[in-house]
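Examining the three-dimensional arrangement
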Amino acid sequence: MALFRTKKAAITAATAVLALALSACGGSGGGTSSSEGTGASAPYTVASNVSLTGSPTFDKIKSAGKVRIGVKQDQPGLGFMDAATGEYSGFDIEIAKWVAASLGYGKDKIEFKPIPSANRESAIQNGDIDFYVGTYSITDSRKKLIDFAGPYFITGQGLLVKKSNTTINSEKDLAGKTVCSATGSTPLQNIQKNFPQTKAQSFDTYSQCVDALKNGQTDAVTTDQAILLGYAAQDPDNLKVVGQPFTTEKYGVGLTKGDTALRKFINDMFTNGKDTWQKVYDSTLGKSGTKVQQPAVDNY
């Protein structure tokens, strides 16, 4: 499992993620043989003559001549947009580009659409995007509304606090505290359901929660520890990650409900592309020094 197992590892990872967050994950795009992704070359190429029978989503992509992908833009190391350049970078972004390339679409044919956690299901259901890749935890309740390919990564819920905080060292210290997470997120639901003595606070994005933490409006921010390490790395003098992950979160690619053909296509891509997955991870989150294994997909 992709869990950050020790406090020492978390500190090491946070330091390394800082360098990752400050670098762009660009690449040349377009064409049927151009490389995509981070660095001078990527571990995947844009496929040609792709045929995917029975997928209404793929039919829409072909008709539009581009692929619209829902992502996060405020999660360093995972899904992050550089305000100066408009470039997107991170592990989730590279996974999204890999899926698009497998479908036959290079970087110049991708439209990234940043969508808050609370609006992900509606964006997929309304056809605003073709699929979503952005720390999207697979849950039974969400599977009633949409489908998931994957999981392609596993992490766990953690806590981010001020560097000066000595009262919160794990989830066992949250009674009487205010904890912030993104509206509609799985971590927020967990706090509301399983921590009755903790006040839950929410904003549209995790970056707003981090701002609230810095301003003293909340005591802690909670989401997947992989995300929190990125924020801590951005401001190591004032923020820190504490404790160990206390849930298991499986990240999947969010798809239109009933598009079995596309779900199987992406699952096969993950299953048959273990070397590619590892190279994508090593070039992004792997720079934090963490070692993980690709999870097996769930062909439900």
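So, here is what we can say about the structure in this document. Predicted model, so just to flag it, every value in this text is computed and none were measured.

Attention now goes to the nonpolar core. If you look at the biggest cluster of nonpolar residues, it comprises 57 residues, and the most contacted ones within it are Ile 69, Phe 91, Tyr 152, Phe 153 and Leu 160. With nine residues, helix H3 (residues 91-103) is the largest single contributor of residues to this core. What Ile 69 contacts, discounting residues up to four positions off in sequence, is Ala 96, Ala 100, Ile 110, Glu 111, Phe 112, Lys 113, Ile 129, Phe 131 and Val 133. Formed by ten residues, the second largest nonpolar core is a distinct cluster that contains Ile 168, Leu 174, Phe 195 and Phe 246.

All told, the structure shown has 14 aromatic pairs when counted by the stated rule. Ring geometry for Phe 91 versus Trp 277: centroids 6.1 Å apart, planes at 85°, classification edge-to-face. Here Trp 277 lies in helix H10 (residues 274-282) and Phe 91 lies in helix H3, a separation of 186 residues in the sequence. Among the residues examined, Phe 91 registers a relative accessible area of 0% and is labelled buried. What makes Trp 277 buried here is its relative accessible area of 0%. For the ring pair Tyr 152 and Tyr 251, a centre distance of 6.4 Å and an interplane angle of 50° mean the geometry is tilted. Placement of the pair is Tyr 152 in strand S7 (residues 147-155) and Tyr 251 in strand S13 (residues 249-255), with a sequence separation of 99 residues. Residue class for Tyr 251 comes out buried when judged on its relative accessible area of 0%.

Attention now goes to the sheet that holds strand S4 (residues 88-89). Through backbone hydrogen bonds, the strands of a sheet pair up, either in parallel or in antiparallel fashion. Strand order in the open sheet made by the three strands is S2-S3-S4, with antiparallel pairing throughout. Two strands close off the open sheet at either side, each with one partner strand: strand S2 (74-75) and S4. As defined by bridge partners, S2 adjoins strand S3 (residues 79-81) across two bridges and the pair is classed as antiparallel. Bridge pairing links Asp 74 to Phe 80 in S3.

By the secondary structure assignment, Asp 237 is in the loop between helix H8 (225-234) and strand S12 (239-242). Put simply, Asp 237 and Lys 163 are 74 residues apart on the chain and 6.8 Å apart in space, counted from C-alpha to C-alpha.

A word on the sheet that holds strand S10 (residues 199-203). Sheet architecture is open: five strands sit in the order S10-S9-S11-S8-S12, paired in mixed fashion. With partners counted over all chains shown, the strands left at the sheet margins are S10 and S12, one partner each. Strand-to-strand, the axes of this sheet are offset by a mean angle of 35°, without reference to chain direction. Pairing between strand S8 (residues 157-162) and S12: four bridges, direction antiparallel. Pairing of Leu 159 across the sheet is with Val 242, part of S12. Seen against the sheet, helix H6 (residues 186-194) touches S8, strand S9 (178-182), S10 and strand S11 (220-224) and runs at an angle of roughly 160° to S10. Packed on one face of the sheet, helix H7 (residues 206-214) meets S8, S9, S10, S11 and S12 and runs near 155° to S11.

Rules used throughout
- Residue numbering note: each chain is counted from 1, following its sequence as written.
- With pLDDT at 70 or above as the cut-off, local features in this predicted model cover only qualifying residues; side-chain atom pairs require 80 or more to be listed or tallied, and sums for whole chains, interfaces and linings still use all residues.
- Excluding hydrogens and water, the side-chain figures rest on all heavy atoms present in the structure.
- Here the nonpolar core consists of buried residues drawn from Ala, Val, Leu, Ile, Met, Phe, Trp, Tyr and Cys, with membership extended through side-chain atoms lying within 4.5 Å.
- Each residue is assigned to one of three classes by its accessible area relative to the maximum for its type, calculated with a 1.4 Å probe on protein chains only: buried under 20%, partly exposed between the two thresholds, exposed over 50%.
- Strands are runs of DSSP state E lasting at least two residues, helices are runs of H or I lasting at least four, and both sets are numbered from the N terminus onward.
- The criterion used for residue contact is that any of the two residues' heavy atoms lie within 4.5 Å.
- Stacked, tilted and edge-to-face pairs are distinguished by plane angle, under 30 degrees for stacked and over 60 for edge-to-face with tilted covering the rest, among Phe, Tyr and Trp rings (Trp via its six-membered ring) whose centres lie within 6.5 Å.
- Only strands joined by at least two bridges in the DSSP assignment are considered to pair.
- Convention adopted: a line fitted to C-alpha atoms gives each axis, helices being fitted over their contacting stretch, and angles between N-to-C directions are expressed from 0 to 180 degrees.

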